[in-house]
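If you want the building blocks of each chain, they are given just below.
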Amino acid sequence: MTTARTLHRPPRRPGLILGLLALSQVGVAWLWWRLGWQVGLPAMMATHLIVVWATLHPRATLFCPALSRLPTPERVVWLTIDDGPSADTPALLDLLDRFGARATFFLVGDRALAQPALVQAIRDRGHGIGNHSASHPDLRFWRLGPGALEAEIGRSQSILTAITGQTPRWFRSVVGMTNPFVGLSLKRHALARVAWSARGFDGVDCEPAQVLARITRDLRPGAIVLLHEGAAHGYNVAILEQLLAWLDAQGYRTVLPEPP
Ligand SMILES: [Zn+2]
């Protein structure tokens, strides 16, 4: 497998895209001035549509690189579990142990602060811990400016580091959204963004068999699987159990991209 060094890629020049965005609007103004609104207006709308698409589309990498799968032909997958720690965490850890599996938990800083023992249990049992913001502002994350993003990402980083003694290296965007400023904080904290290649949309329709069918439809060697914990529907543990049984039956192993 490719080494962790090449998989872990924090944004290197996050200011570049901000400069290009500013430049594109200078270009739009120039077109509007020289050729009139008939050209200027569509040009402005086109550039804004690109910004909206790149912000809202979870796998868009215009504003910030993202790892969406592991480059390997081996039958391995990286399980990622978002939104914890939660009341589900102990049961998830027991399940992972029972199947000899490993996962990375993308934790919400404020929830970690409220339940540090769960965070330590995740670390002690050999799993990875990633940063999933401090307060999980799911309705606002896409429109946060650089200061608010730094508060979310930097604060979660401090909380998780204080509890575990290890600084997280991976970041999962809230609801998958990434605006042009996210890269600035990721670079500051040497965080690499992780997207996914298989997901079950378990927040939309949570019936475990159907969630499993959607995940396994997209499951290939090197897949990064998006899972959740603590959802109000209460099926997150059942979903992981069925997935682990399926992976076992299909001869898949779980891996982390680097030692936890
Ligand atoms: Zn989340």
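Residues numbered from 1 in each chain as written. Predicted model: local features only at pLDDT ≥ 70, side-chain atom pairs only at ≥ 80, totals over all residues. Heavy atoms only, no water.

Some thoughts on helix 10 (residues 236-249)
One turn of an α-helix holds 3.6 residues; hence residues three or four places apart share an orientation. For clarity, the threshold we go by: Strands here are runs of E lasting at least two residues and helices are runs of H or I lasting at least four, both read from the DSSP assignment and numbered beginning at the N terminus. Expected helix span is computed as 1.5 Å times (number of residues minus one). Whether two residues touch is decided by their heavy atoms; if any such pair falls within 4.5 Å, the residues are in contact.
The first and last C-alpha atoms of helix 10 sit 20 Å apart over 14 residues, in line with the 20 Å expected at 1.5 Å per residue. Each element contacted by the buried residues of helix 10 is listed here: strand 1 (76-84), helix 4 (89-98), helix 9 (208-217), strand 7 (223-228) and strand 8 (253-254). Downstream of helix 10 by one or two residues, Gly251 has phi in the positive range, about 75 degrees.

Re unusual backbone geometry
Selection rule: Only protein chains enter the accessibility calculation, which uses a 1.4 Å probe. A residue is then buried if its area is under 20% of the maximum for its type, exposed if over 50%, and partly exposed in between.
For the bond from Gly84 to Pro85, the omega torsion is -5 degrees, close enough to zero to count as cis. With respect to the helices, strands and loops of the structure, Pro85 is situated in the loop between strand 1 and helix 4. Positive phi outside glycine occurs at His136, with the angle close to 50 degrees. Here His136 falls in the buried class, since its relative accessible area comes to 15%.

Description of helix 9
The set of residues buried in helix 9 consists of Pro208, Val211, Leu212, Arg214, Ile215 and Thr216. For helix 9, the secondary structure elements touched by its buried residues are strand 6 (198-199), strand 7 and helix 10.

Quick look at the packing of helix 9 against helix 10
Threshold: The convention used is that axes are lines fitted to C-alpha atoms, helices contributing only their stretch in contact, and that angles between N-to-C directions extend from 0 to 180 degrees. Every angle not falling under 35 degrees, over 145, or within 65 to 115 is termed oblique; those three ranges are roughly parallel, roughly antiparallel and roughly perpendicular. For any helix crossing, the convention is left-handed if the near helix is rotated counterclockwise from the far helix by under a right angle, and right-handed if that rotation is clockwise. Basically, the charged four are Asp, Glu, Lys and Arg, the nonpolar ten are Ala, Val, Leu, Ile, Met, Phe, Trp, Tyr, Cys and Pro, and anything else, Gly included, counts as polar.
The contact between helix 9 and helix 10 brings their axes to 9 Å, and the two run at 45 degrees. What the angle tells us is that helix 9 and helix 10 run oblique. Seen from above, helix 9 lies across helix 10 with right-handed handedness. In contact with Pro208, Ala209, Val211, Leu212, Ile215 and Thr216 of helix 9, helix 10 contributes Ala238, Ile239, Gln242, Leu243 and Trp246. Classifying every residue of the contact of helix 9 with helix 10 by side-chain character gives nine nonpolar, two polar and no charged.

Details of the UniProt feature "transmembrane region" (unreviewed entry) in the chain
We apply this condition: UniProt positions are given in the numbering used here, feature names are shortened, and annotations may be inferred rather than shown by experiment.
Under the UniProt annotation, "transmembrane region" (unreviewed entry) lies at residues 15-33. Across residues 15-33 one finds 100% helix and 0% strand; the C-alpha atoms that close the span lie 27 Å apart.

Describing the pattern of salt bridges
Here is the rule we go by: Salt bridges are defined as contacts in which a side-chain nitrogen from Lys or Arg sits within 4 Å of a carboxyl oxygen from Asp or Glu.
The full count for this structure, using the stated rule, is nine salt bridges. For Asp97, the salt bridge is made with Arg125, and the minimal N-O distance between the two is 3.0 Å. Here Asp97 is found in helix 4, whereas its partner Arg125 is found in the loop between helix 6 (116-124) and strand 3 (128-131), with 28 residues between them in sequence. With relative accessibility at 37%, the residue Asp97 sits in the partly exposed group. Arg125 gets classed as partly exposed once you look at its relative accessible area, which sits at 28%. Its salt-bridge partner being Asp110, residue Arg155 comes within 2.9 Å of it at the nearest N-O pair.

A closer look at the coordination of the zinc ion
Note the threshold: Donor atoms (N, O, S) are those found within 2.8 Å of the metal centre, with the cutoff raised to 3.2 Å for Na, K and Ca; water is not part of the atom list, so apparent gaps in a site can occur.
Within the protein, Asp83 (OD), His132 (NE2) and His136 (NE2) serve as the donor atoms for the zinc ion, at 2.0 to 2.1 Å. Within one chain, the residues serving as donors to the zinc ion are arranged as D-x48-H-x3-H. Here His132 lies in the loop between strand 3 and helix 7 (146-164) and Asp83 lies in strand 1, a separation of 49 residues in the sequence.

Details of a nonpolar patch on the surface
Here is the rule: What makes a patch is a set of residues exposed beyond 30% relative accessible area and free of salt bridges, joined within 9 Å when like-charged and within 5 Å when nonpolar (Val, Leu, Ile, Met, Phe, Trp, Tyr). Only the protein chains shown count as covering a residue, and every accessible area follows the Shrake-Rupley method with a 1.4 Å probe.
Taken together, Leu16, Leu20, Leu23 and Val26 make up a surface patch of nonpolar side chains, about 400 Å² in accessible area. You can see Val26 is positioned in helix 2 (residues 14-35).

Observations regarding the packing of aromatic side chains
Defined as follows: Classification of ring pairs rests on two measures: the distance between centres of Phe, Tyr or Trp rings, Trp counted by its six-membered ring, which must be within 6.5 Å, and the angle between planes, read as stacked under 30 degrees, edge-to-face over 60 and tilted in between. Whether a charge sits over a ring comes down to the Lys NZ or Arg CZ being within 6 Å of the ring centre and within 35 degrees of the ring normal.
Under the definition given, this model contains three aromatic pairs. Both rings, one in Trp78 and one in Trp170, keep their centres 5.3 Å apart while their planes meet at 70 degrees; by these two values the pair is edge-to-face. Of this pair, Trp78 sits in strand 1 while Trp170 sits in strand 4 (residues 170-171), and the two are 92 residues apart along the sequence. Of the two residues, Trp78 and Trp170, both sit in the buried class. The ring centre of Tyr252 lies 4.3 Å from the NZ or CZ of Arg75, which sits over that ring. The ring centre of Phe106 lies 4.8 Å from the NZ or CZ of Arg172, which sits over that ring.

With respect to the side chain of Arg214
For clarity, the threshold we go by: Polar contacts, as used here, are pairs of N or O atoms within 3.5 Å; protein pairs need one atom able to donate a hydrogen and one able to accept it. Residues neighboring in sequence count only if both atoms are side-chain atoms.
Its location among the elements puts Arg214 in helix 9. A polar side-chain atom of Arg214 sits 2.8 Å from the main-chain carbonyl oxygen of Gly200.

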